[in-house]
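# Residue-level structural notes
The lines below spell out each chain.
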Amino acid sequence: EDKVVQSPLSLVVHEGDTVTLNCSYEVTNFRSLLWYKQEKKAPTFLFMLTSSGIEKKSGRLSSILDKKELFSILNITATQTGDSAVYLCAVRPGGGSEKLVFGKGTKLTVNP
Amino acid sequence: GAVVSQHPSRVICKSGTSVKIECRSLDFQATTMFWYRQFPKQSLMLMATSNEGSKATYEQGVEKDKFLINHASLTLSTLTVTSAHPEDSSFYICSARKRGVNNEQFFGPGTRLTVL
């Protein structure tokens, strides 16, 4: 059974801190790993990773994938209160389907 | 852009009634739409994959006769929860796949269903 595990489940930090969110997975025929930010409603896309060792960056956010260890991290530097959200990790298995398998998410709270 | 809308955003109904939720891709055509369910503090769980003009593919454990999915056009998919019960109360989110290099999925804002 395909599985995605995120840790920690929740995290509380102060503005300016740097955080690292973890995502490990077990899927058949891995195709890609995606990170989403979910505030109140719809998840919004952050990154898609397909190759090991290539860091993707967007402003203060960055992510990298290790396909050997079946693991990805999402880093947020100089956190702001607006970064408070649930961060979801999802994996797209192979086999021709476009389905996504999601982890439970990491709830990040950034306090002023 | 790639905007996906859902209607209604929130619905409260009595046990035994049926509820229809609409998912629309507003500015792109979506040959594939996905329906997810999210219980409190749980992950998004895929319920079914909906392809335009064909029958939906349901995930294991999801009753196709209870959760009716219709994908009648390239911009609209509907999910009908038939004979809803309190245990069906959940957050239902759709996503639409936009054709492109990454075949990215764009999510709707979700529908909060409460069955009394």
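Structure report, in brief. (Residues numbered from 1 in each chain as written. Chains lettered and ligands numbered in written order. Predicted model: local features only at pLDDT ≥ 70, side-chain atom pairs only at ≥ 80, totals over all residues. Heavy atoms only, no water.)

## Let's talk about the overall build of chain A
The condition that has to hold: Segments assigned H or I by DSSP are reported as helices when at least four residues long, segments assigned E as strands when at least two residues long, and all are numbered from the N terminus. For a compact globule the rule gives 2.2 Å times the number of residues to the power 0.38, and the radius of gyration it is set against comes from C-alpha atoms. Exposure was quantified through the Shrake-Rupley algorithm and a 1.4 Å probe, taking into account, for residues, occlusion by the shown protein chains and nothing else. We score Asp and Glu as negative and Lys and Arg as positive, and we do not count His or the chain ends. Each charge is placed at NZ for Lys, CZ for Arg, CG for Asp and CD for Glu.
If you tally the helices and strands in chain A, you get 0 helices and 11 strands. Helices (α) and strands (β) of chain A occur, in sequence order from the N terminus, as β-β-β-β-β-β-β-β-β-β-β. Here the C-alpha atoms of chain A give a radius of gyration of 14 Å, agreeing with the 13 Å that 2.2 N^0.38 yields for 112 residues. With the C-alpha coordinates of chain A rotated into their principal frame, the extents come out at 45 × 30 × 20 Å. On chain A, roughly 5,500 Å² of surface is accessible, and the fraction owed to carbon and sulfur atoms is 49%. Taken as two groups, the 14 positive and 11 negative side-chain charges of chain A have centres that lie 5 Å from each other.

## Overview of the packing of aromatic side chains
Rules: Ring pairs are drawn from Phe, Tyr and Trp, using the six-membered ring of Trp, whenever the two centres fall within 6.5 Å, and their geometry is named by plane angle: stacked under 30 degrees, edge-to-face over 60, tilted for the rest. Exposure is judged per residue with a 1.4 Å probe applied to protein chains only, and the accessible area is read against the type maximum: over 50% gives exposed, under 20% gives buried, and values in between give partly exposed. Look at NZ for Lys and CZ for Arg. If either is within 6 Å of the ring centre and within 35 degrees of the ring normal, a charge sits over the ring.
Scanning the model with the defined rule gives 9 aromatic pairs over all chains in all. A centroid spacing of 5.2 Å and a plane angle of 85° characterise the contact between Tyr36 of chain A and Phe107 of chain B, whose relative ring orientation is edge-to-face. Remark: Phe107 of chain B occurs in strand β10 (residues 105–107) and Tyr36 of chain A occurs in strand β4 (residues 30–38); the pair is interchain, linking two chains. No difference in accessibility class separates Tyr36 of chain A from Phe107 of chain B, as the two residues are buried. Cluster of aromatic residues (ring-pair linked, three or more members): Tyr36, Phe45 and Phe102 of chain A together with Tyr36 and Phe107 of chain B. The ring of Phe67 of chain B has Lys66 of chain B sitting right over it, with the charged end atom 5.9 Å from the ring centre.

## Here's the deal with the nonpolar core
Residues and elements named next belong to chain B. Applicable threshold: Definition used in this section: a nonpolar core is a set of buried Ala, Val, Leu, Ile, Met, Phe, Trp, Tyr and Cys residues joined via side-chain atoms within 4.5 Å. Throughout, a contact is declared for two residues whenever any of their heavy atoms are within 4.5 Å.
Grouped together as the largest cluster of nonpolar side chains are 24 residues, with contacts concentrated most on Trp35, Phe67, Leu79, Tyr92 and Leu113. Within the residue set of this core, elements represented by two or more residues are β2 (10–13), β3 (19–25), β4 (32–38), β5 (45–51), β7 (67–73), β8 (76–81), β9 (90–97) and β11 (111–115). Filtering out sequence-adjacent residues up to four positions away, Tyr92 remains in contact with Gln6, Ile21, Tyr36, Arg37, Met47, Phe67, Leu79, Gly110, Thr111 and Leu113.

## Quick notes on the side chain of Thr82 of chain B
All names here are of chain B. For clarity, the cut-off: Polar contact is the term for a pair of N or O atoms within 3.5 Å; when the atoms are in protein, one must be able to donate a hydrogen and the other to accept it, and sequence-neighboring residues count only if both atoms are side-chain atoms.
Here Thr82 shows up in the loop between β8 and β9. A distance of 3.3 Å separates the side chain of Thr82 from the backbone oxygen of Asp65, its partner in a polar contact. The contacts of Thr82, once residues within four sequence positions are left out, are Thr17, Ser18, Asp65, Lys66 and Leu68.

## Examining the state of the cysteines
Selection criterion: Note on disulfides: each one is a pair of cysteine sulfur atoms within 2.5 Å.
As enumerated under the stated definition, the model contains 2 disulfides over all chains in all. Between the sulfur of Cys23 of chain A and that of Cys89 of chain A lies a disulfide, 1.9 Å long from S to S. Of note, the bridge from Cys23 of chain A to Cys89 of chain A carries an S-S torsion of about -70° and is left-handed in sense. Of the two residues, Cys23 of chain A sits in strand β3 (residues 19–26) while Cys89 of chain A sits in strand β9 (residues 85–93), which places them 66 residues apart along the sequence. The closest cysteine sulfur to the non-disulfide-bonded Cys13 of chain B is located on Cys94 of chain B, 19 Å from its own sulfur.

## What about the sheet that holds β8 of chain B?
Residues and elements named next belong to chain B. Worth spelling out the cut-off: Two strands form a pair only when DSSP identifies at least two bridges running between them. What counts as an axis is a line fitted to C-alpha atoms, over the stretch in contact for a helix, and the angles between N-to-C directions run from 0 to 180 degrees.
Pairing in this open sheet of 4 strands is antiparallel, and the strands run β1-β3-β8-β7 from one edge to the other. Across the chains shown, the open sheet's two edge strands, defined by having one partner strand only, are β1 (4–7) and β7. Averaged over all neighbouring strand pairs, the angle between strand axes comes to 15°, with direction disregarded. Bridge count between β3 and β8: 6 bridges; the pairing is antiparallel. Residue pairing for β8: Cys23 is matched across the bridge by Ser77.

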